Amino acid sequence: MEPRRSPEEMLAELEKLDATIELKLDRDAVPPELKKRFAEELRPRLEECRTLVARNGTRAGNACMDALVVYREVAFTALATITTPVF
């Protein structure tokens, strides 16, 4: 189990994951469904977390943790199957 982290730390991780996924979506041939999911599901979660953390909202920690779970799921499953040949 992860040690308890602040909403700010979780938001920083979300920002990194978001940038990584966006770069992957821009560089590789990605199914349109994944791009749609990123725009419609992931980005709004990130925006909500930014807002809650900025306001020191009581739900900030829970919202960021939930968003991290979804971002990780996309990053480690859907994007892991998309590869660029090395040779």
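A brief structural summary. (Residues numbered from 1 in each chain as written. Predicted model: local features only at pLDDT ≥ 70, side-chain atom pairs only at ≥ 80, totals over all residues. Heavy atoms only, no water.)

1. So, the packing of helix H1 (residues 7–27) against helix H2 (residues 32–54)
The description of two helices packed together rests on the angle between their axes and the distance between the axes. Two numbers describe how H1 lies on H2: the axes approach to 11 Å, and their chain directions differ by 155°. Judged by the angle between their axes, H1 and H2 are roughly antiparallel. The handedness of the crossing between H1 and H2 is left-handed. Facing Pro7, Glu8, Leu11, Leu14, Glu15, Asp18, Ile21, Glu22 and Leu25 of H1, the residues of H2 in contact are Leu34, Lys35, Phe38, Leu42, Arg43, Leu46, Cys49, Arg50 and Val53. Class assignment for the residues of the contact of H1 with H2 results in 11 nonpolar, no polar and seven charged. (Axes fitted to C-alpha atoms, helices over the stretch in contact; angles between N-to-C directions. Helix = DSSP H or I, 4+ residues; strand = E, 2+ residues; numbered from the N terminus. Parallel < 35°, antiparallel > 145°, perpendicular 65-115°, else oblique. Left-handed = near helix turned anticlockwise from the far one by under 90°. Contact = heavy atoms within 4.5 Å. Nonpolar A, V, L, I, M, F, W, Y, C, P; charged D, E, K, R; others polar.)

2. Some details on the pattern of salt bridges
Two side chains bearing opposite charge may form a pair once their charged atoms approach each other closely. Within the structure shown, the criterion is met by nine salt bridges. The shortest N-O distance in the salt bridge between Arg72 and Glu13 comes to 2.8 Å. With a gap of 59 residues between them, Arg72 in helix H3 (residues 60–78) and Glu13 in helix H1 connect regions that are remote in the sequence. For Arg72, a relative accessible area of 21% translates into the label partly exposed. Of the charged contacts, one joins Arg37 and Glu73 as a salt bridge, the two residues approaching to 2.7 Å between their closest N and O atoms. (Salt bridge = Lys/Arg side-chain N within 4 Å of Asp/Glu carboxyl O. Buried < 20%, exposed > 50% of the residue type's maximum accessible area, 1.4 Å probe, protein only.)

3. Some thoughts on unusual backbone geometry
With phi around 55°, Asn56 is a residue other than glycine that occupies positive phi space. As for its placement among the helices and strands, Asn56 is situated in the loop between H2 and H3. For Asn56, a relative accessible area of 61% puts it in the exposed group.

4. A short note on the environment of Ala63
Here Ala63 lies in helix H3. Since its relative accessible area comes to 9%, Ala63 is described here as buried. Here the alpha-carbon distance between Ala63 and Arg50, two residues 13 residues apart in the chain, equals 9.8 Å. Non-local contacts of Ala63, meaning those with residues more than four positions away in its chain, are made with Cys49 and Leu52.

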